[in-house]
Amino acid sequence: WDPKKARRALLKGFAFGLLTLGMIAVMHYASGLRVIDKPKPPAEYLTRMLRVTLQAITVGILEEVAMRGILFRTLARVWKPWIAAVVLSALFAGLHFVIPSATIYDPDKSWFTLSWQALASIPEGFYEEPFVAIQFINLALMGLVMTAVVIRTRTIWWAAGIHGGWVWIKLMSGFTTNEDYAFGTHHPFLGWRNDATDGWLATLLLLVMLANIVWWPKKTST
């Protein structure tokens, strides 16, 4: 394991993640789906960018170590790799909807009662999420893309970088822009969310990425 090559792969993947999801973020702004929030002091932008960069890289590394570095490699030894990739990508997508309802919290209830109600409220949140089908498809495709990258490069670092780049764009877009409700409604192709998972453009982009990775003519190692 070469730390320099790992860092280089992480940074290249991060740049690729910024480019791909960043392209859709720019289209959101250019089309009027999202509008720039009211200006903030320059120091606040700088502080948030540094914080988001650290957060994005940390999330990318930790999630890829857990999902692709440990779970995928373990399951791929038991099942065929493509079966493990599909199952794990579906799990990766589903975990993004595991959010308890905020309405169940009550300071007068016991910890056990609150914990049980939080678990019981998770399916309700899943069904109440708008555009859940397209979001699930896109999140699963993201998982497949990162799994394919791990298979091709034989390392998690490219995938961790791409993951971190996507998280960075999502968080910074949420910080600097808002949905323009005057626009009318959700756009089925471009989406509306700051992670673009509710639009078919993200689906098309991810399918193109996946096809290019699967038919990558040369295996690389870092």
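Residues numbered from 1 in each chain as written. Predicted model: local features only at pLDDT ≥ 70, side-chain atom pairs only at ≥ 80, totals over all residues. Heavy atoms only, no water.

Caption draft 1: Up close: the pattern of salt bridges. Within this structure, the stated rule accounts for two salt bridges. Note that R68 is salt-bridged to E64, the shortest N-O span being 2.8 Å. A residue pair is termed a helical-turn pair when its members lie 3 or 4 positions apart in one helix, as R68 and E64 do in helix 2 (residues 42–78) at four residues. Judged on exposure class, the residue R68 and its partner E64 are both buried. A salt bridge links R193 to D195; the nearest nitrogen and oxygen atoms lie 3.0 Å apart. (Salt bridge = Lys/Arg side-chain N within 4 Å of Asp/Glu carboxyl O. Helix = DSSP H or I, 4+ residues; strand = E, 2+ residues; numbered from the N terminus. Buried < 20%, exposed > 50% of the residue type's maximum accessible area, 1.4 Å probe, protein only.)

Caption draft 2: Examining unusual backbone geometry more closely. Residue R154 is not a glycine yet carries a positive backbone phi of 60°. Relative to the helices and strands, R154 resides in the loop between helix 5 (132–153) and helix 6 (157–176). Its relative accessible area of 55% is what places R154 among the exposed residues. Positive phi, close to 65°, is recorded for A196, a residue that is not glycine. For A196, the location among the structural elements is in the loop between strand 2 (177–179) and helix 7 (200–214).

Caption draft 3: Representation of the packing of aromatic side chains. Summed over all chains, the structure comprises one aromatic pair. Taken together, a centroid distance of 5.8 Å and an interplanar angle of 75° make the contact between Y45 and F175 edge-to-face. Of the two residues, Y45 sits in helix 2 while F175 sits in helix 6, which places them 130 residues apart along the sequence. For F175, a relative accessible area of 8% translates into the label buried. Note that R68 overlies the ring of F92, its terminal NZ or CZ placed 5.0 Å from the centroid. (Phe/Tyr/Trp six-rings, centres within 6.5 Å; stacked < 30°, edge-to-face > 60°. Lys NZ or Arg CZ within 6 Å of the ring centre and 35° of its normal.)

Caption draft 4: The arrangement of a nonpolar patch on the surface in detail. A cluster of nonpolar side chains, contributed by V78, W79, W82, I83, V86 and V87, occupies part of the molecular surface with about 580 Å² of accessible area. Inspection of the secondary structure assignment puts W82 in helix 3 (residues 81–95). (Patch = residues over 30% accessible without salt bridge, like charges linked within 9 Å, V, L, I, M, F, W, Y side chains within 5 Å. Areas by Shrake-Rupley, 256 points an atom, 1.4 Å probe, with all protein chains shown as cover.)

Caption draft 5: View of the nonpolar core. Formed by 41 residues in total, the largest nonpolar core has its most connected members in M142, V145, W166, W168 and L206. Among the elements of the structure, helix 1 (3–31), helix 2, helix 3, helix 5, helix 6 and helix 7 are those that each provide at least two residues to this core. Once residues lying within four places of it in the same chain are set aside, the contact partners of V145 are W166, L206, M209, L210 and I213. A6, I156, W157 and A160 belong to the second-largest nonpolar core, a separate cluster that totals six residues. (Core = buried A, V, L, I, M, F, W, Y, C linked by side-chain atoms within 4.5 Å. Contact = heavy atoms within 4.5 Å.)

Caption draft 6: Structural detail: the packing of helix 2 against helix 5. Relative orientation of the contacting elements helix 2 and helix 5 amounts to 65°, with a least axis distance of 11 Å. Judged by the inter-axis angle, helix 2 sits roughly perpendicular to helix 5. The handedness of the crossing between helix 2 and helix 5 is right-handed. Contacts from E64, R68, F72 and R73 in helix 2 reach G143, M146, T147, V150 and I151 in helix 5. (Axes fitted to C-alpha atoms, helices over the stretch in contact; angles between N-to-C directions. Parallel < 35°, antiparallel > 145°, perpendicular 65-115°, else oblique. Left-handed = near helix turned anticlockwise from the far one by under 90°.)

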